[in-house]
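Notes for the structure review
Chain residues, written in single-letter form:
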Amino acid sequence: MNINEESEDDLVVNEPRLWTGKGWTARVIKNEDDEGWAVAMIKDGESEPALVGPWTMGRNKKDPKPLDAAAFNTLVKTASEVLRRHEQQLHAQYHKRVSVNTPDGRIEVTLDIVPDEYDPHAILAASDAAGDEIARVRVAPNFKLNLASASAWIDDEFRKPG
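So, a few notes on the structure that sits alongside this text. Only a predicted model underlies this, so the values are computations on that prediction, with no experimental measurement involved. (Residues numbered from 1 in each chain as written. Predicted model: local features only at pLDDT ≥ 70, side-chain atom pairs only at ≥ 80, totals over all residues. Heavy atoms only, no water.)

**Examining the sheet that holds strand 10 (residues 133-139)**
Taking strand neighbours across the sheet as the criterion, the four strands line up as 7-8-9-10 in an open arrangement whose pairing is antiparallel. Strands at the two margins of the open sheet, each flanked by one partner only, are strand 7 (95-102) and strand 10. Each strand axis lies, on average, 15 degrees off the axis of its neighbour in the sheet, ignoring direction. In the packing of helix 2 (residues 147-155) onto the sheet, contacts are made with strand 7, strand 8 (105-114), strand 9 (121-127) and strand 10, and the angle to strand 7 comes to roughly 60 degrees. (Pairing = 2+ DSSP bridges. Helix = DSSP H or I, 4+ residues; strand = E, 2+ residues; numbered from the N terminus. Axes fitted to C-alpha atoms, helices over the stretch in contact; angles between N-to-C directions. Contact = heavy atoms within 4.5 Å.)

Right, here's the structure in full:
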């Protein structure tokens, strides 16, 4: 077993089926679906893998190919990208924006959903072209923001939608 200290908080392990470092753990595991192998990438502090994918068989066609630095670095990059895309998708799901042209100028209307377990809600806000906030109200988390609902809110002088 090869163990190094990268820093006080980051213990590095380099084994044929287990590598840790750079905030990640790569673990080669038996594929439950068939006779092959898989690799699971787990971010430090998380209980579930961010990425699980097939892993190459070794030369004997029975055991998995050992992990190495190049494979680990590629896996870290891929798993990080998966998490980044997931975060972008969540952000897009919880943060909506619509621009409305009015006689007084362009108004940006945003909806920020707060998926709180006990108090889910959303904040509907409006800003002028300079970015200054005009209005802010709390709405239901299932409020549908689109051009029509934003325009109606503006036309209703930013009163809380019913």
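**A few points about the nonpolar core**
Residues Val109, Leu111, Leu124, Val139, Leu145, Trp153 and Phe158 are the most contacted members of the largest nonpolar core, which totals 18 residues. Mapped by element, the contributors of at least two residues to this core are strand 7, strand 8, strand 9, strand 10 and helix 2. Counting residues per element, this core draws most heavily on strand 8, which supplies four residues. With sequence-adjacent residues up to four places away left out, Val109 is seen in contact with Lys96, Arg97, Val98, Leu124, Ala125, Ala126, Leu145, Ala150, Trp153 and Ile154. Core analysis: the second largest hydrophobic core is formed by 14 residues, Trp19, Val28, Trp37 and Leu67 among them. (Core = buried A, V, L, I, M, F, W, Y, C linked by side-chain atoms within 4.5 Å. Buried < 20%, exposed > 50% of the residue type's maximum accessible area, 1.4 Å probe, protein only.)

**A look at a negative patch on the surface**
Residues Glu32, Asp33, Asp34 and Glu35 make up a contiguous surface patch of negative charge. If you trace the backbone, Glu32 turns up in the loop between strand 4 (24-30) and strand 5 (37-43). (Patch = residues over 30% accessible without salt bridge, like charges linked within 9 Å, V, L, I, M, F, W, Y side chains within 5 Å. Areas by Shrake-Rupley, 256 points an atom, 1.4 Å probe, with all protein chains shown as cover. Salt bridge = Lys/Arg side-chain N within 4 Å of Asp/Glu carboxyl O. Lys, Arg positive; Asp, Glu negative; His and termini not counted. Charge placed at Lys NZ, Arg CZ, Asp CG, Glu CD.)

**Some points on the environment of Arg159**
Within the fold, Arg159 resides in the segment after helix 2. When the C-alpha positions of Arg159 and Ala135 are compared, they lie 8.8 Å apart, and in sequence the two are 24 residues distant.

**Notes on the pairing of strand 4**
Looking at chain direction, strand 3 (residues 18-21) and strand 4 are connected through four bridges and run antiparallel. When the sheet's bridge partners are listed, Leu18 is paired in strand 4 with Arg27. Linking strand 3 back to strand 4 in an antiparallel pair, the connection comprises two residues, with Lys22 at a positive phi of about 55 degrees. Relative to strand 5, strand 4 runs antiparallel, the two being bridged by seven bridges. Pairing of Lys30 across the sheet is with Trp37, part of strand 5. Count of turn residues in the strand 4/strand 5 antiparallel hairpin: six residues.

**Brief notes about the packing of aromatic side chains**
Applying the stated criterion across every chain, the model contains two aromatic pairs. On the basis of an interplanar angle of 35 degrees and a centroid distance of 5.7 Å, the ring pair of Trp19 and Phe72 is categorised as tilted. Of this pair, Trp19 sits in strand 3 while Phe72 is found in helix 1 (residues 69-94), placing the two residues 53 residues apart along the sequence. Accessibility classification places Trp19 together with Phe72 in one group, the buried group. Stacked on the ring of Trp37, the Lys or Arg Lys30 has its end atom at 5.1 Å from the ring centre. (Phe/Tyr/Trp six-rings, centres within 6.5 Å; stacked < 30°, edge-to-face > 60°. Lys NZ or Arg CZ within 6 Å of the ring centre and 35° of its normal.)

**Some remarks on the pattern of salt bridges**
A full pass over the atoms with the stated rule returns nine salt bridges. The partner of Arg84 in a salt bridge is Glu81, with the nearest N and O atoms 2.7 Å apart. Taken together, the residues Arg84 and Glu81, both in helix 1 and three residues apart, mark about one turn of the helix. Residue classification places Arg84 among the partly exposed residues on the basis of a relative accessible area of 38%. Since its relative accessible area comes to 27%, Glu81 is described here as partly exposed. Residues Arg138 and Asp119 are paired through a salt bridge, measuring 2.6 Å at the closest nitrogen-oxygen approach. Taken as a pair, Arg138 in strand 10 and Asp119 in the loop between strand 8 and strand 9 lie far apart in primary sequence, 19 residues in all.

Purely geometric stuff here, so don't read any function into it on its own.
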